[in-house]
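# Summary of structural features
As a plain string of letters, each chain reads:
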Amino acid sequence: MSDVKKNPKTMSGVVVSDKMDKTIVVLVEDKVMHPLYKKYVKKSKRYKAHDEKNECRIGDFVKIQSTRPLSKQKQWEMIEIITKAV
């Protein structure tokens with residue numbers, strides 16, 4: 001049996017930190033409806049993702065994908081850079 005997941009989760013967000021070696025912090029924003037007021041509220045979460053070639057910079061818009069745990073806090077890997085920062 002293979003170790004590859006059949007349907008890994010993918011998300012896209014903005015790189016907010018690239019200080020660590022081969023690791024980036026990606027801010028993913030989502031709009032969810034408030035249960036009582038029925039208004040859309042912006043929720044955000046930060047994920048640590050693996051960047052093998054250290055090619056991402058702050059402000060890049062990237063796509064990340066779930067993977068096996070690479071460290072205590074890192075279970076995501078960067079798949080592609082959608083847009084580079086100016």
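Structure shown above.
In this report, we go over the structure that sits alongside the text. The model shown is predicted, which means the values in this text are computed figures rather than measured ones.

## Considering the pairing of strand E3 (residues 40-50)
A regular strand carries its side chains on alternate faces of the sheet. Where strand E2 (residues 23-33) lies against E3, eleven bridges are found, and the strand directions are antiparallel. In the strand pairing of E3, Met33 is matched with Tyr40. What sits between the antiparallel neighbours E2 and E3 is a turn of six residues, in which Lys38 has the positive phi angle 55°. One ladder, built from three bridges, connects E3 with strand E5 (residues 74-83); its direction is parallel. Bridge assignment links Ala49 to a residue of E5, and that residue is Trp76.

## Focus: the pattern of salt bridges
As a working rule, side chains carrying opposite charge can pair if their charged atoms are close by. Tallying each qualifying case throughout the model produces four salt bridges. Between Arg57 and Asp18 there is a salt bridge, with the nearest N and O atoms lying 3.4 Å from each other. Placement of Arg57 in the loop between E3 and strand E4 (61-66) and of Asp18 in the loop between strand E1 (10-17) and E2 is noted, with a sequence separation of 39 residues between them. Across the pair Lys22 and Glu52 runs a salt bridge whose closest N-O atoms are separated by 3.2 Å.

## As for the side chain of Thr23
Of note, Thr23 is situated in strand E2. One polar contact links Thr23 to Lys74, side chain to side chain, over a distance of 2.8 Å. Apart from the residues within four sequence positions on either side, Thr23 is in contact with Asp18, Lys48, Ala49, Asp51, Asn54 and Lys74.

## Considerations on the sheet that holds E3
One closed barrel accounts for five strands, arranged E1-E2-E3-E5-E4; its pairing is mixed. This sheet shows a mean twist of 50° between the axes of neighbouring strands, independent of strand direction.

Analysis parameters
Each chain has its residues counted from 1, running along the sequence as written. Two thresholds apply to this predicted model, a pLDDT of at least 70 for residue-level local features and 80 or more for giving and counting side-chain atom pairs, whereas whole-chain, interface and lining totals are computed over all residues. The side-chain figures draw on all heavy atoms in the structure; neither hydrogens nor water molecules are used. DSSP bridges decide pairing: two strands pair if at least two such bridges lie between them. Counting from the N terminus, the helices are DSSP H or I runs at least four residues long and the strands are E runs at least two residues long. We count a salt bridge whenever a side-chain nitrogen from Lys or Arg sits within 4 Å of a carboxyl oxygen from Asp or Glu. Within 3.5 Å is the distance limit for a polar contact, defined as a pair of N or O atoms, with the added protein rule that one can donate a hydrogen and the other accept it, and that residues adjacent in sequence qualify only through two side-chain atoms. Any two residues having at least one pair of non-hydrogen atoms within 4.5 Å are treated as being in contact. Inter-axis angles, ranging from 0 to 180 degrees, are taken between N-to-C directions of lines fitted to C-alpha atoms, where helices are fitted over the stretch in contact.

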